[in-house]
Every structure is written in structure tokens, then in C-alpha cells.
Amino acid sequence: MVFADALTKAARLVELQLLFARSPHRTFRTKEIASRLGIAPRTVRAYITELSAAGKLPVYHDRTGWRLAPNARLEVGPLRLELSQATAVYLAARLLLRHSDEPNPAVTEAVRRLSLVVPEDLARYMEELIGRTPGESSPFAEIFRIFAYGWALRRVVACTYHPATRKEPFRCRFHPYLLEPAMFGYAVYAVGHSDPPGALRVYKLERVLEATLTEERFDPVPVSQVLDHLEKGWDVWLADGDAQEVRLRVAPQAVRYICEARWHPSQGSKALPDGSMELSFRLAVTYDLAHWIMSWGEACRVLEPPELAEMVAEAHRRAAAQYSTPIP
């Protein structure tokens, strides 16, 4: 799918620069560049003329194709990183590739571009990571692309969504206000207004069956408002209830593991005399929160609120009941 808008042209101009930056000694035929960028050969020549006139792509055409001028300095971007910052970029790239469990060329290409702004030794590691990641396209990659454009361009996405709690999918028109990665599980969520039901919703992109970018535009809500909604819940979850005080008691053997991470912006902690730890959060009670607490087994106990304690206790009872009788 090709989107005819200014953002597409801007992205392709950068891609054209990166093509020569990655292979400074290669010759590229016009048809090859056109195929890579998904545009007509005459558009390639127009883009090269535009970049060359601005001094951003010093190339010339010999008998076989386009080459960088001898000793040309090609500025891909203004980004300059210290070694510690470059290492942070590498770690971000590592997490990005691990988080993308669906084949998505956008992810591998993003890491490839990041590799151009880090020191050579780190770049080699990033290239190795790219080589170990599926780079082919997939239905998810196209859906991700459509939602990304909808978010960036403030355009409505018409999609078919199949929630985990419903037998049948449904059609809706979605205003993507924010794309958010899940803290647990390798998933990407879109936060925005969905019609139906005419309310703010969080949709998992892996559950979108098909999507189309429409010409209809929407007015975005303030980012702070969307983040406030998310921070009231656990992970990427829009909680219906009000935020309240959640207190957990962490057993001594699990204190180091649980308290090494910051699980929520409202997290607080207090050491107790017996070596245990009390964790506190200010958020709404959700099943996602209960499941996280259950993952720590007997090492994590809910002190309050009572309804969360009962939710976790009941889930533990049902789990234990499965082992009370032999498997037939």
C-alpha cells in the first residue's frame, strides 16, 4: 500500500540518502532505486535532483548508474552520540527486536538506521541482531504501518477487530491517539477513540484482522490525558474504576527480585523489620494486576484493598483445585 502524502515523500528522501550511506561504493541503477522505494523511475530522478541541489546527496550518474561523488561527505542526520548514549541506543534496539515477535520490516529497518549513528563496534552487534530477526513482511506489518500513519497523520483507521472476549469480530472506526508497547508479553496496543462503542479503548494490534487508512481526520486529545488514563491502570489497560491504594507484602526471598524494577509510576516501597518489603501503588484494580501478583506465588500477598485480595485468593484456589484430582 502506498500513501500519497508529504510524510511518505519525506521518509523516502531519507531512505534514498540512507541507501547510499550504507553502500558508499556501490552503483545503483534508477530502476533498482525505484523498486526499493516503491516509486516510478522518473520520481527517483526528481528526488535525486532535489537532494543534490540542496547538497544533501552528492551523487553523479555514470554509464551504469548513480554513485556517490569521490570523497563525498553524506550527512544522514544531525544525531551525534556519546559512547554511553550509543550503548543506550543499542540496548533500545535489542529490546525493540525482542519485542517484535511478528515479522515487521519497519522494526528491522529502524534498527538498521540506528546502527548508522553508533560507533562501528556497536553497529556490528546491531547488524548481527538484524540478521537474526525475520525481515519479511506480514499481515501484522501492514496493520502496524496503517496504525502508525493514522497516529502520525491524525487520520481515522477503519478496521475489523476481534477481541479475546468475543466470538465474532466487529467493524469500527478508530482514532489512534497513541501506540504503546506492553510491559508483559510481546504486543503493541493502540489507544484511542473507537466507534462503536463511541468511547476510549485499547486495541491489541495483533487482534486487528484488517485495517484501512481513511481520508477522514480527527482532533487528537492531549497526550497527558491519554497517559493519565493509562497510569491509572496496570500495564496497557484502561481501568474503569477509580485509582486507590494498593499495598502488597513481599516475602524476604523475593524482595530483591521484585524491588529491582519499577513496575508502575506510583510505586512506593518500605522495608520491614523481618526482611520483607511493603510495596504500594496508586491505581485501579484490574485482572492484569491480579495476574502479575499471582505470578509471584506465595512470595507476594495483597494487604489491601480487600477486593483485590479476594480476587487473587480465589484465582489461587481455582488453580490449586486443578491438582486435587488426577488427570483422566
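Everything discussed here concerns the structure shown above.
As a convention, each chain's residues are numbered from 1 in the sequence order in which they are written. Where local features are concerned, this predicted model is filtered to residues with pLDDT of at least 70; where side-chain atom pairs are given and counted, the filter is 80 or more; whole-chain, interface and lining totals use all residues. Hydrogens and water are ignored here; the side-chain numbers use all heavy atoms of the structure.

A run of H or I in DSSP becomes a helix once it reaches four residues, and a run of E becomes a strand once it reaches two; helices and strands are each numbered from the N terminus. Summing up its helical and strand segments, the protein chain has 11 helices and 11 strands in all. Taken along the three principal axes of its C-alpha coordinates, the protein chain extends 80 × 50 × 45 Å. Long-range contacts, defined here as pairs at least 24 residues apart, represent 59% of the contacts in the protein chain between residues at least 6 apart. Summed over all atoms, the accessible surface of the protein chain reaches about 19,100 Å², with 54% contributed by carbon and sulfur. When charges are counted, neither His nor the chain ends are considered; positive counts come from Lys and Arg and negative counts from Asp and Glu. Note on charges: their place is set at NZ of Lys, CZ of Arg, CG of Asp or CD of Glu. A gap of 7 Å separates the mean positions of the 41 positive and 39 negative side-chain charges of the protein chain. By the convention used here, residues are in contact when the closest approach between their heavy atoms is within 4.5 Å. Computed with a 1.4 Å probe, the accessible areas rest on the Shrake-Rupley method; for each residue, only the protein chains presented here act as cover.

Here the focus is the sheet that holds strand β7 (residues 208-217). Spatially, five strands are ordered β6-β5-β4-β3-β7 in an open sheet, and the strand pairing comes out antiparallel. Of all strands in the sheet, those bounded by a partner on one side alone are β6 (199-204) and β7. Taken over all neighbouring pairs, the strand axes of this sheet differ in orientation by 40 degrees on average, direction set aside. Two strands pair if DSSP finds at least two bridges between them. The pairing of strand β5 (residues 188-195) with β6 spans six bridges and is antiparallel. Looking at β6, one finds that Ser 194 is bridged to Ala 199. Strand contacts of helix α7 (residues 139-153): β3 (155-161), β4 (170-181), β5 and β7, with the helix running at about 25 degrees to β7, the strand carrying the most contacts. For every element, the axis is a line fit to its C-alpha atoms; helices are fit only across the contacting stretch, and the angle between N-to-C directions ranges from 0 to 180 degrees.

Okay, the nonpolar core next. If you look at the biggest cluster of nonpolar residues, it comprises 22 residues, and the most contacted ones within it are Leu 248, Phe 281, Leu 289, Trp 292, Ile 293 and Leu 308. If we ignore the near neighbours within four places in the chain, the residues touching Trp 292 are Phe 184, Trp 234, Leu 248, Ile 258, Trp 263 and Phe 281. As used here, the term nonpolar core means buried Ala, Val, Leu, Ile, Met, Phe, Trp, Tyr and Cys residues forming a set that is joined through side-chain atoms within 4.5 Å. Exposure categories follow from relative accessible area, calculated using a 1.4 Å probe and restricted to protein chains: below 20% of the type maximum is buried, above 50% is exposed, and the middle band is partly exposed. Residues Val 157, Cys 172, Val 188 and Tyr 203 belong to the second largest nonpolar core, which totals 20 residues.

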